[in-house]
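# Observations on the model geometry
If you want the building blocks of each chain, they are given just below.
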Amino acid sequence: MAPGRESIVKGVVSPLRSVPGGIARPDYVGKKRAARWQGGDIHDAEMIDRIRVSARIAAQALAEVGRHVRPGITTDELDRIGHEFVLDHRAYPSTLGYPGSAGRPAFPKSLCTSVNEVICHGVPDDTEIHEGDIVKVDITAFKDGVHGDNCGSFIAGEGSQASRQLVEVTHEAMMRGIRAAAPGRQVNVIGRVIEKYATRFGYESVRNYTGHGVGPAFHTGLIVPHYDAAPDHDDLIEPGMVFTVEPMLCAGSESSHEWDDGWTVVTDDGSWVAQFEHTILITDTGPEVLTLP
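Note that residues are indexed from 1 along each chain, following the sequence as it is written. A pLDDT threshold of at least 70 governs which residues receive local features in this predicted model, and a stricter bar of 80 or more applies before side-chain atom pairs are shown or counted, although totals over entire chains, interfaces and linings include all residues. Hydrogens are left out, water is left out, and the side-chain values use all remaining heavy atoms of the structure.

## Structural notes on the sheet that holds strand β3 (residues 118-120)
When DSSP finds two or more bridges between two strands, those strands count as paired. In this text, helices come from DSSP runs of H or I with a minimum length of four residues, and strands from runs of E with a minimum of two, each type numbered from the N-terminal end. Judged by pairing direction, the sheet is antiparallel, and its three strands sit side by side in the order β3-β12-β11 without closing on themselves. Each edge of the open sheet carries a strand with a single partner, namely β3 and β11 (256-258). When strand polarity is set aside, the average angle formed by the axes of neighbouring strands in this sheet is 40 degrees. Lines fitted to C-alpha atoms define the axes, with helix axes restricted to the stretch in contact, and inter-axis angles between N-to-C directions lie between 0 and 180 degrees.

Listed below in structure tokens is the structure:
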């Protein structure tokens, strides 16, 4: 989408950023794996109020990092900005130290920066952002025992018409998916709506990475696909549920592979990707977006 832009390659990752001792860590930090969430996906009013706070911090952090996306900045500098913003609000950046799977290393940074063909889980490093790049920033805040999670796609500079369309369509797909999340419906309606809209533009919706329940656990057992998964994923949407809707749309094929860092996921064909994510609450009358600044 940006003629002459080379493929993204692994850069140099800076040392771990420190977190003051007075800021509470999620229980998975320093462990080989995150404990399986044993609770449900419906939360009481007191917990929802706490999630609102974390979600708002995450949204404000995303907006702050997004303001700094420009040609010449490194993804590591974006990580520093997000890290300091979250700490300034007495919260913990949830991705920092999140355990990898199957013996892979813990995530070493405070947010994910996934550039162009990187679908998700990009590790901030000394990679320099170029004019026209699509930079996906995924940042989560943990405060008072709960998480708030969101992601946005930012174009460095003006960008091409094709990249702008990809970003705009992905945001609209997310919003359509959110609006479909009405009490009494099945979770799979969300992905059906997202995929139907994406295919109008020839985009593919990533299947291997999904939305999820969020709150006391970074990821609960609830899975929210962004494609038409029916008759599977037929969980009933109920008031009090909190989960993410986070479609990743590819301009080419959604087929992907993971780098040897154990985290970074890229498209096989090098096609570019956009992603947006909100944490939402299901109320008696419909969905409410919690990750708003």
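## Digging into the pattern of salt bridges
Here the idea is simple: oppositely charged side chains can pair when their charged atoms come close. Here a salt bridge means any side-chain nitrogen of Lys or Arg lying within 4 Å of a carboxyl oxygen belonging to Asp or Glu. A full pass over the atoms with the stated rule returns 15 salt bridges. Across the pair Glu64 and Arg67 runs a salt bridge whose closest N-O atoms are separated by 2.4 Å. Taken together, the positions of Glu64 and Arg67, both in helix α1 (residues 45-67) and three residues apart, correspond to about one turn of that helix. Looking at Arg67, the relative accessible area reads 58%, which means it is exposed. In this structure, Glu172 and Arg179 form a salt bridge, with 3.1 Å as the shortest nitrogen-oxygen distance. Residue class for Glu172 comes out partly exposed when judged on its relative accessible area of 23%. By relative accessible area, which is 51% here, Arg179 ends up exposed. Several salt bridges share partner residues, and in doing so they unite Arg17, Asp76, Asp79 and Lys109 into one network. Exposure categories follow from relative accessible area, calculated using a 1.4 Å probe and restricted to protein chains: below 20% of the type maximum is buried, above 50% is exposed, and the middle band is partly exposed.

## As for the environment of Ile81
Along the chain, Ile81 turns up in helix α2 (residues 75-88). Sequence separation between Ile81 and Val65 is 16 residues, and the spatial gap between their C-alpha atoms is 6.2 Å. The contact rule is simple, with two residues in contact once any of their heavy atoms fall within 4.5 Å. Excluding anything up to four places from it in sequence, Ile81 contacts Glu64, Val65, His68 and Ile73.

## What to know about the pairing of strand β9 (residues 242-245)
On β9, burial covers both faces: Val242 and Thr244 on one face and Phe243 and Val245 on the other are all buried. Bridge analysis of β9 against strand β14 (residues 278-283) gives four bridges, and the strand direction is antiparallel. Each bridged residue has a counterpart across the sheet, and for Thr244 the counterpart in β14 is Thr279.

## Quick look at the packing of α1 against α2
The N-to-C vectors of α1 and α2 enclose an angle of 145 degrees; their axes lie 9 Å apart at closest approach. When you trace α1 past α2, the crossing you get is right-handed. In this structure, α1 uses Ile57, Gln60, Ala61, Glu64 and Val65 to contact α2, whose residues at the interface are Leu78, Ile81, Gly82, Phe85 and Val86. Class assignment of the residues belonging to the contact of α1 with α2 gives a composition of seven nonpolar, two polar and one charged. Definitions for this section: a left-handed crossing has its near helix turned counterclockwise from the far helix by less than a right angle. A right-handed crossing has that turn clockwise. Side-chain classes are defined by residue name, with Ala, Val, Leu, Ile, Met, Phe, Trp, Tyr, Cys and Pro counting as nonpolar, Asp, Glu, Lys and Arg as charged, and the others, Gly among them, as polar.

## Structural notes on the nonpolar core
Ile190, Phe243, Val245, Leu249 and Ile280 are the most contacted members of the largest nonpolar core, which totals 30 residues. Only α3 (161-180), α4 (188-199), β9 and β14 provide two or more residues apiece to this core. Ranked by residue count, the leading element in this core is α3, at eight residues. For Leu249, the residues in contact, after removing those within four places along its chain, are Leu166, Val169, Thr170, Ala173, Ile194, Ala198, Tyr203, Glu204, Ser205, Trp272, Val273 and Ala274. One finds Ile57, Leu78, Ala156 and Trp259 within the second-largest nonpolar core, a separate group that totals 24 residues. In this text, buried Ala, Val, Leu, Ile, Met, Phe, Trp, Tyr and Cys residues form a nonpolar core when linked through side-chain atoms within 4.5 Å.

## Considerations on the packing of aromatic side chains
Note on ring pairs: Phe, Tyr and Trp rings are taken, using the six-membered ring of Trp, and paired if centres are within 6.5 Å. Classes follow the plane angle, with under 30 degrees stacked, over 60 edge-to-face and the rest tilted. Tallied over the full model, the rule gives six aromatic pairs. Seen in terms of ring centroids, Tyr28 and Phe218 are 6.5 Å apart; in terms of plane orientation they differ by 25 degrees. Their pairing is stacked. One end of the pair, Tyr28, is in the segment before α1; the other, Phe218, is in the loop between β7 (211-212) and β8 (223-224), with 190 residues separating them in the sequence. Given a relative accessible area of 3%, Tyr28 falls into the buried group. For Phe218, a relative accessible area of 7% gives the class buried. What links up through ring pairs into an aromatic cluster is the set Tyr28, Tyr98 and Phe218.

## Regarding the side chain of His43
You can see His43 is positioned in the segment before α1. Residues contacting His43, with those up to four places away along its chain left out, are Ile48, Ile51, Val214, Pro216, Gly240 and Val242.

## Re the sheet that holds strand β13 (residues 273-275)
Spatial ordering of the open sheet is given by β6-β10-β13, a layout of three strands whose pairing is antiparallel. Each having just a single partner strand, β6 (204-205) and β13 make up the two edges of the open sheet. As judged from the two bridges shared by β6 and strand β10 (residues 248-250), these two strands associate in the antiparallel manner. Directly across from Ser205, in β10, lies its bridge partner Leu249. α3 rests against β10 and β13 of the sheet, and its axis sits at about 35 degrees to β13.

Read these as layout, nothing more, since geometry by itself doesn't imply function.
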